[in-house]
Amino acid sequence: RGALLKWAVKKSNMLVANSSATRERLLELGAESSKVIHIPATPNYPDPDRKTHTPPSRPRIFFAGRVIEEKGVDLLVEAMPEILKSFPEAQLRIAGSGALDEPLHSRVSELGLEEVVTFLGWQNSSDLRNEMQSATILVAPSRMIVGQNLVVTEALSVGCPVITTPRGGVLDLIKDKQTGIIIREPETDAIAEAVIHCLSQPDLLEQYSINGYRHFQENFSRKEITQRTLRLYKSLKKD
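J.: Help me out: how do you make sense of the pairing of strand β4 (residues 91-95) in this one?
T.: In regular strands, side chains alternate between the two faces of the sheet. β4 sits mainly inside the fold: 4 of its 5 residues count as buried. Summarising the sheet, strand β3 (residues 60-64) and β4 pair through 5 bridges and their orientation is parallel. Counterpart to Phe62 in the pairing with β4 is Arg93. As for the winding sense of the linkage, the β-α-β connection from β3 through helix α3 (residues 73-86) to β4 is right-handed.

In C-alpha cells, the structure reads:
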C-alpha cells in the first residue's frame, strides 16, 4: 500500500492537500512542492452571513466526533470533576458514537455525573451547528493526527470558541491564544485547566469567537474555497 501511494503521488500532475500537515506528508512521500496545492475542506452548508454563536448562561462544554479513545473524549469526561469544582453548573454534551459509548456511560455513572453529562448520539450537520451555536466552548482533545479537523472548522464558522490539541491540520485552524486555546498534550489536567481558564474569562472567549469567525471567513469559507478550487482547475486547463 505504501509503495502504491508513493507511486501515485509521484505520477500525479497536481495534488490537493486539505491542510499544511497533509501537504508535509505528501512531500515526505516524494511529491514535488510546486505540485501540492493547499485547499482545505469547508462545512457542507452555506456560509453564515454573520457570527451566530450565542453563549448560554450556564457553562456548556461540547464535544463532537467519534466516541473513541483516539479522539480523547474519555479525557474530557475525566476532567469534568475538576471543572465542576470551579463551575458547579457546567454541563458536558457529547455528540457522536463509537467504541467508547458503553464504557463512557459506565464511567459517567461511577463519577456521579449523570446530571452533568449528556450523550446526544449521532447528530446531523444541522443539529451539530445548533449545538455549536449554543455551546460555551467546543473541546477537541484529540490524541490522533488528522489531516484537517472539520468539527473545529465548523465551530469557527459559527464563532464557537475552541480548545484543542496540536494534532495535524488543526494548527491551520487554531492559533493559540488568538482563535482559541491549544493544549500541548491531551491530558486530563491540561484539559481541565484550559476549560477553567476560559470559563473564568468570558471577554476572552468572546474575543476567540470573533477572531475564529473572522479566520474562517478569510480562509475556510465556501466562497474562499470555491475560488481556490476554480483557480486550480483553470490552471490545469491551461497546462
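Right, picking up where we left off after that structure.
J.: Could you clarify how one ought to interpret the environment of Asp176 in this entry?
T.: Looking at the element boundaries, Asp176 is found in the loop between α7 (170-173) and β8 (181-182). Taking the relative accessible area as the measure of exposure, Asp176 reaches 23% and is therefore partly exposed. In the structure, Asp176 is positioned 12 residues away from Thr164 in sequence and 9.4 Å away in space, judged by C-alpha atoms. Beyond its immediate stretch of four places on either side in the chain, Asp176 contacts Ile181, Ile182 and Arg184.

J.: Could you clarify how one ought to interpret the packing of aromatic side chains in this entry?
T.: One pair of aromatic rings is described through two measures. These are the centre distance and the angle between the planes. Applying the stated criterion across every chain, the model contains 0 aromatic pairs. The side chain of Arg129 reaches across the aromatic face of Tyr45, ending 4.2 Å from its centre.

How each quantity is defined
- Residues numbered from 1 in each chain as written.
- Predicted model: local features only at pLDDT ≥ 70, side-chain atom pairs only at ≥ 80, totals over all residues.
- Heavy atoms only, no water.
- Buried < 20%, exposed > 50% of the residue type's maximum accessible area, 1.4 Å probe, protein only.
- Helix = DSSP H or I, 4+ residues; strand = E, 2+ residues; numbered from the N terminus.
- Pairing = 2+ DSSP bridges.
- Right-handed = clockwise from strand over helix to strand, strands pointing away.
- Contact = heavy atoms within 4.5 Å.
- Phe/Tyr/Trp six-rings, centres within 6.5 Å; stacked < 30°, edge-to-face > 60°.
- Lys NZ or Arg CZ within 6 Å of the ring centre and 35° of its normal.

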